Amino acid sequence: MSKISVSDLNFFYGKAQALHDISIDILEREVIAFIGPSGCGKSTFLRTLNRMNDTIPIARVEGLVTIDGKNIYEPNTDVVSLRRKVGMVFQKSNPFPKSIFENVAYGIRINGIHKNKADLNERVERALHDSALLEEVKDRMNTSAFGLSGGQQQRLCIARALAVQPEVILMDEPASALDPSATQKIEELVVELKKQYTIVIVTHNMQQAARVSDRTAFFMLGKLVEVNPTQKMFTNPDEKLTEDYITGRFG
Amino acid sequence: MDHRIIDQQLDLLRDKLLLLGGTTEAALQRAMRSLTERDSKLAKQVLDDDKIIDQMELDIDRFSVEILALQQPAAHDLRFVISVAKITPILERIADHAGSIAKAALILNDEPQLKKYVDLSMMAENAAEMLRTALDAFTAEDATASRRIIEQDKVIDKCYKRVFDELITIMIENPSTTASAAHLLFVAKHIERIGDYVKDICELNVYLREAAFIKHSKGK
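A. Region of the structure containing the overall build of chain B. Looking only at helices and strands, one finds six helices and zero strands in chain B. The helix and strand sequence of chain B, counted from the amino end, reads α-α-α-α-α-α. Expected size for 220 residues packed as a compact globule is a radius of gyration near 17 Å; at 19 Å, chain B falls within 12% of this value. Taken across its 220 residues, chain B has 41% of its residues classed as buried. The contacts of chain B with a sequence gap of at least 6 include a subset with a gap of at least 24, amounting to 81%.

In structure tokens form, the structure reads like this:
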């Protein structure tokens with residue numbers, strides 16, 4: 001079943017067109033990886049899915065993006081609630097200059113999701129548990145988030161996204177700044193989170209796409225070249241362009 | 001990007017496989033010659049050379065693993081390495097059958113010749129030809145030719161049945177020939193198995209070209 005449906009999406013930065021006629025369905029509780037060379041539009045496309053590009057004054061979107069059947073570019077869309085439903089994790093972890101607890105509690109508080117203090121504590125713990133960080137931080141919840149390692153900070157950001165009960169998580173190269181062991185934890189987490197969430201992950205790491213995703217979409221020069229089950233994509237892609245990219249003939 | 005590091009390695013891997021293929025093909029032909037020309041020296045040579053083939057197999061195994069681990073091939077590159085890694089032990093087994101034919105020759109050459117080995121020679125020539133064309137089809141990544149070669153195995157199977165019946169008749173008619181006839185039966189069986197192995201190679205050629213697994217499927 002489609003969670004997100006995109007049809008004939010075009011995206012412009014001023015006069016420059018960054019995305020051309022993108023149409024794709026993203027299924028509920030799948031991990032879909034976006035791959036492609038730098039500047040191919042995969043991150044731009046990711047950011048159209050929760051209207052993060054709205055913050056760029058010269059950006060313009062044409063076409064249809066629906067989540068659960070509702071057009072997210074309708075004028076009456078509540079963008080804050082959209083971004084709660086469609087959370088995002090960035091390449092560089094960006095914890096707030098606050099304690100570990102407060103980083104996770106922040107979104108719950110401003111959205112008024114919790115009933116009382118005990119409920120808040122429980123939600124923070126659950127988010128940290130679901131992001132596989134709780135065991136590592138439970139004895140220092142009130143210390144600064146900046147004291148965590150890069151990998152832990154990234155998982156804290158995932159916990160922060162999970163705390164507000166999203167349905168979709170967009171990840172923009174979430175492990176590109178991490179060492180192999182921290183990367184492995186993030187990848188294991190992605191596979192685990194798939195049970196509850198729809199996950200869209202942009203990655204430059206082809207092996208990562210191969211390891212974690214159910215389907216892979218290949219972008220090139222602002223166009224969606226191919227989307228297929230990951231297993232097919234990496235053993236026998238339909239398009240020669242895809243084959244050339246994943247086998248390193250250009251990049 | 002025209003020159004990828006992996007390209008050199010894949011070329012080298014292909015060369016290693018073709019060298020193994022050529023050596024295996026030669027082993028089969030020499031084993032058959034050692035039988036039909038009653039040349040026991042040649043039979044011993046085939047058995048000695050089997051060690052070289054075993055080493056070639058190990059070398060390709062190691063190199064395939066190295067490419068998989070270090071180059072992490074995908075798509076056609078991946079299918080290529082997988083095909084080579086699976087064809088290699090098949091070739092080694094074909095060479096083992098050639099060795100077994102040479103061993104039979106060593107025994108049979110000390111006995112009076114039971115009959116002219118016309119059918120066996122023909123079977124072996126068919127098998128060697130199948131092997132040669134299968135390796136050509138691998139190099140050319142020719143799935144059509146590979147499917148054609150698969151069909152040729154039926155000719156070997158038919159020939160095997162004929163040889164089998166004939167040898168059984170000889171045994172019944174003249175029980176003193178049983179030991180020699182049994183050895184010849186084994187030789188025929190070795191050649192028949194080689195035909196099956198070449199079929200397996202051709203199925204991998206199709207996989208390499210089309211990413212389709214045709215093994216155990218009726219339509220091919």
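B. Here's a closer look at helix H5 (residues 143-173) of chain B. Residues and elements named next belong to chain B. Its 31 residues place the ends of H5 46 Å apart at the C-alpha level, agreeing with the 45 Å of an ideal helix rising 1.5 Å per residue. Of the positions making up H5, those classed as buried are Ser 146, Ile 149, Ile 150, Asp 153, Ile 156, Cys 159, Tyr 160, Val 163 and Leu 167. The inward-facing, buried residues of H5 abut helix H4 (118-140) and helix H6 (178-210).

C. Spotlight on the interface of chain B and chain A. Counting residues at the interface gives 10 residues for chain B and 12 residues for chain A. For the side of chain B that touches chain A, the residue count by class is five nonpolar, two polar and three charged.

D. Summary view of the environment of Ala 18 of chain A. All names here are of chain A. With respect to the secondary-structure elements, Ala 18 resides in strand S2 (residues 16-27). Note: C-alpha distance between Ala 18 and Leu 221 (203 residues apart in sequence) is 7.7 Å. The residues contacting Ala 18, other than those within four sequence positions of it, are Phe 11, Phe 12, Tyr 13, Gly 41, Thr 44 and Gly 222.

E. Spotlight on the packing of H4 of chain B against H5 of chain B. Residues and elements named next belong to chain B. Here H4 crosses H5 at 165 degrees, and the two axes come no closer than 10 Å. Overall, the two elements H4 and H5 adopt an arrangement that is roughly antiparallel. As for the relative orientation of H4 and H5, their crossing is left-handed in sense. Where H4 abuts H5, its residues Asp 119, Leu 120, Met 122, Met 123, Asn 126, Ala 127, Met 130, Thr 133, Ala 134 and Ala 137 lie against Ala 145, Ser 146, Ile 149, Gln 152, Val 155, Ile 156, Cys 159, Tyr 160, Arg 162 and Val 163. Broken down by class, the residue content of the contact of H4 with H5 amounts to 14 nonpolar, four polar and two charged.

Thresholds, definitions, all that
- Residues numbered from 1 in each chain as written.
- Chains lettered and ligands numbered in written order.
- Predicted model: local features only at pLDDT ≥ 70, side-chain atom pairs only at ≥ 80, totals over all residues.
- Helix = DSSP H or I, 4+ residues; strand = E, 2+ residues; numbered from the N terminus.
- Rg over C-alpha atoms; globule rule 2.2 N^0.38 Å.
- Buried ≥ 20, exposed ≤ 12 C-beta atoms within 10 Å, placed from the backbone.
- Contact = placed C-beta atoms within 7 Å.
- Expected span 1.5 Å × (residues − 1).
- Nonpolar A, V, L, I, M, F, W, Y, C, P; charged D, E, K, R; others polar.
- Axes fitted to C-alpha atoms, helices over the stretch in contact; angles between N-to-C directions.
- Parallel < 35°, antiparallel > 145°, perpendicular 65-115°, else oblique.
- Left-handed = near helix turned anticlockwise from the far one by under 90°.

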